[in-house]
Amino acid sequence: GAGVSQSPSNKVTEKGKDVELRCDPISGHTALYWYRQSLGQGLEFLIYFQGNSAPDKSGLPSDRFSAERTGGSVSTLTIQRTQQEDSAVYLCASSRQGVTDTQYFGPGTRLTVL
Amino acid sequence: GENVEQHPSTLSVQEGDSAVIKCTYSDSASNYFPWYKQELGKRPQLIIDIRSNVGEKKDQRIAVTLNKTAKHFSLHITETQPEDSAVYFCAASTSGYSTLTFGKGTMLLVSP
């Protein structure tokens, strides 16, 4: 079946501009996660959605970052007033139910802020 | 919150040798420990996981061991092959919590 998809695959933007990154999880997966991976670094948790529950936003690095998940499916991560330190690969993952289920990752969006 | 330490950060072995990557965790309530493999330019993919009710799990050339008392778990790869070259991440999480905490990764290089 279809895996997790993300768009765009690459995004180059100028400092100060807003960007939107999209994630389409695996159909039927109720849990959705966003991570950030800087060059040569590990996976930094950003935000977690589970069903209709309030999202866990504890990993968002600043109030310039926000995310929403519409209809329990597609999610959008928005970064406002981008900074050069926001440059990274943004990975989305989904799992069937919760954090102890296998997470399936999307291909990521490589964000470059000039 | 949970803290996961992973060692070594890089590991070079000859084809056919074994490789061992070790992780420690801080939260004694953690009960799920997956390992992900990320090839260059690719997405992370689960290769094996273990839950706290077992001490060891094996899948062909890879195995994971868990020591709950010492709060550490390890990935063992036997008969390494060049296609095993990748970055390996360990992680830990607890049922009822939302966060899967990852280690910083181990770059494994298998030389032919």
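Residues numbered from 1 in each chain as written. Chains lettered and ligands numbered in written order. Predicted model: local features only at pLDDT ≥ 70, side-chain atom pairs only at ≥ 80, totals over all residues. Heavy atoms only, no water.

Visitor: Please give an account of the state of the cysteines that cites residues and values.
Guide: Scanning the model with the defined rule gives two disulfides over all chains in all. With its sulfur 1.8 Å from that of its partner, C23(A) forms a disulfide with C92(A). Disulfide C23(A) to C92(A): torsion about the S-S bond roughly -60°, handedness left-handed. Taken together, the positions of C23(A) in strand β3 (residues 19-24) and C92(A) in strand β8 (residues 88-95) put the pair 69 residues apart, joining distant regions of the chain. Across the pair, C92(A) and C23(A) agree in class, each one buried. Here C23(B) pairs with C90(B) through a disulfide, and the sulfurs are 1.9 Å apart. Since a negative S-S torsion denotes a left-handed disulfide, the C23(B)-C90(B) link at about -100° is left-handed. (Disulfide = S-S within 2.5 Å. Helix = DSSP H or I, 4+ residues; strand = E, 2+ residues; numbered from the N terminus. Buried < 20%, exposed > 50% of the residue type's maximum accessible area, 1.4 Å probe, protein only.)

Visitor: Outline the nonpolar core, supporting the account with residue identities and numerical values.
Guide: Membership of the largest hydrophobic core comes to 23 residues, with the highest contact counts inside it found for W35(B), F73(B) and L108(B). Once residues within four sequence positions are removed from consideration, F73(B) is found in contact with I21(B), K22(B), C23(B), Y25(B), F33(B), W35(B), T65(B), L66(B), C90(B) and A91(B). (Core = buried A, V, L, I, M, F, W, Y, C linked by side-chain atoms within 4.5 Å. Contact = heavy atoms within 4.5 Å.)

Visitor: Account for the interface of chain A and chain B, naming residues and giving values.
Guide: Each partner contributes residues to the interface: chain A has 19 residues there, and chain B has 20 residues. For the pair chain A and chain B, the two sides together bury roughly 1600 Å², of which 56% comes from carbon and sulfur. Joining chain A to chain B, the criterion identifies zero salt bridges. For the pair chain A and chain B, the interface holds five residue pairs in polar contact (both at pLDDT 80 or more). Within the residue set of the side of chain A that touches chain B, elements represented by two or more residues are β4 (31-37) and β5 (44-50) of chain A. Here the side of chain A that touches chain B gets three residues from one element, more than from any other, and that element is β4(A). For the side of chain A that touches chain B, the per-class residue count stands at 10 nonpolar, seven polar and two charged. (Buried area = accessible area lost by both parts, 1.4 Å probe. Salt bridge = Lys/Arg side-chain N within 4 Å of Asp/Glu carboxyl O. Polar contact = N/O pair within 3.5 Å; in protein donor to acceptor, adjacent residues only side chain to side chain. Nonpolar A, V, L, I, M, F, W, Y, C, P; charged D, E, K, R; others polar.)

Visitor: Outline the sheet that holds strand β7 (residues 62-67) of chain B, supporting the account with residue identities and numerical values.
Guide: Residue and element names in this part refer to chain B. Pairing within the open sheet is antiparallel, and its five strands lie in the order β1-β3-β8-β7-β6. Where the open sheet ends on each side, the last strands, each with one partner, are β1 (4-7) and β6 (56-59). The mean angle between the axes of side-by-side strands here comes to 15°, regardless of whether they run parallel or antiparallel. Examined bridge by bridge, β1 and strand β3 (residues 19-25) share four bridges and lie antiparallel to one another. Opposite Q6, over in β3, you have C23 as the bridge partner. (Pairing = 2+ DSSP bridges. Axes fitted to C-alpha atoms, helices over the stretch in contact; angles between N-to-C directions.)

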